[in-house]
Amino acid sequence: MSTPLQPASDEKALGKPLEGWRLRLYTIIFEADTRAGQLFDRWLIAVILLSLAVVVAGSVNALQVRFETPFTVMEWLFTVIFTLEYVARLVCVRHPLRYATSFFGIVDLLAILPTYLALLVPEMHALIDVRVLRLLRVFRIFKLTAYLSEFQSLGSALVASRRKIMVFLSVVLMIVVVMGTLMYVVEGPANGFTSIPISVYWAITTITTVGFGDITPKTDLGRLIASMMMLLGWGTLAVPTGIVTSEMAAQRQRRPTTTRTCHECLTEGHAPDALYCMHCAAPLPPYQDG
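Residues numbered from 1 in each chain as written. Predicted model: local features only at pLDDT ≥ 70, side-chain atom pairs only at ≥ 80, totals over all residues. Heavy atoms only, no water.

Relative to the elements of secondary structure, Ser-227 occurs in helix H12 (residues 220-253). There is a polar contact of 2.8 Å between the side chain of Ser-227 and the backbone oxygen of Arg-223. (Helix = DSSP H or I, 4+ residues; strand = E, 2+ residues; numbered from the N terminus. Polar contact = N/O pair within 3.5 Å; in protein donor to acceptor, adjacent residues only side chain to side chain.)

This next bit is on the packing of helix H10 (residues 162-186) against helix H11 (residues 196-207). Direction vectors running N to C along H10 and H11 enclose 120°, while the axes themselves pass 8 Å from each other. In terms of orientation, H10 and H11 fall into the oblique class. Seen along the crossing, H10 lies across H11 with a hand that is right-handed. Along the contact surface, H10 presents Ile-175, Val-176, Val-177, Gly-180, Thr-181, Met-183 and Tyr-184, while H11 presents Ile-196, Ser-199, Val-200, Trp-202, Ala-203, Ile-204 and Ile-207. A breakdown of the residues in the contact of H10 with H11 according to their chemical character gives eleven nonpolar, three polar and no charged. (Axes fitted to C-alpha atoms, helices over the stretch in contact; angles between N-to-C directions. Parallel < 35°, antiparallel > 145°, perpendicular 65-115°, else oblique. Left-handed = near helix turned anticlockwise from the far one by under 90°. Contact = heavy atoms within 4.5 Å. Nonpolar A, V, L, I, M, F, W, Y, C, P; charged D, E, K, R; others polar.)

Aromatic ring pairs: the centre-centre distance and the angle between the two ring planes describe each pair. Evaluation of the coordinates by the stated rule reveals three aromatic pairs. Pairing Trp-76 with Tyr-116 gives two aromatic rings, centres 5.7 Å apart and planes at 65°, and the pair type is edge-to-face. A residue pair is termed long-range when its members are at least 10 positions apart, and Trp-76 in helix H5 (residues 68-92) and Tyr-116 in helix H7 (residues 103-117) qualify at 40 residues. For Trp-76, a relative accessible area of 30% puts it in the partly exposed group. Seen in terms of ring centroids, Phe-193 and Trp-202 are 5.5 Å apart; in terms of plane orientation they differ by 75°. Their pairing is edge-to-face. Both residues of the pair, Phe-193 and Trp-202, belong to the buried class. (Phe/Tyr/Trp six-rings, centres within 6.5 Å; stacked < 30°, edge-to-face > 60°. Buried < 20%, exposed > 50% of the residue type's maximum accessible area, 1.4 Å probe, protein only.)

Listed below in structure tokens is the structure:
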């Protein structure tokens, strides 16, 4: 049944409204502000970390030989858990394809796909190595970003300051190209600066204060330039930190948002005291804190 805020023509496009067990399941999985949602997220974080520990431990040959069977059993247990979670996410949303093709949907798929593909790999040695599929399981670590608000805050700050960061990186790129070319002229192939790309590589490792030491200036002028770049590097590293930090501070001063989701259009991020969806104007369910 359509509402005045949602015409019948839109109901077909959006799918049937969430109701019954699908609505309860959606609230638990996607809305972390509820008590059940918080408990779900905490258990899932624990499972993700434990599965990563098993993958890391399984890469140690001595442990893999000694505990091969327990590792296999635990890996399949984790795979079944993540598979059920993935299916539940697809079932409780009205547009499963949108979630499946989203960033977190792809991460969820990568978390379970390697284990199933490994069943087919023994007959495909010429095409792919089983260890490659096993290592792909470390992509589960990206699942953590969906459940920790700090990750989301940092991501929002990076997105908001992306233009400033791009300008900063452009300036750094210009500096390393100019300084690399200058060092190519000053030092020359005799001292390891055989080309401008090699010299630019040296400039990047120098300005970032990494300094691998595989290429070093030998002339006094070259060492002076290198010293100036090292000092410049210390100041350069502080710039992106300040940009992101200022943006994160600005976000804290803005109106707080939650993971409240509109049950009509699935838009997230509504304020605690919001009564209507900021996207489709549909009434929001009461806010449940903790």
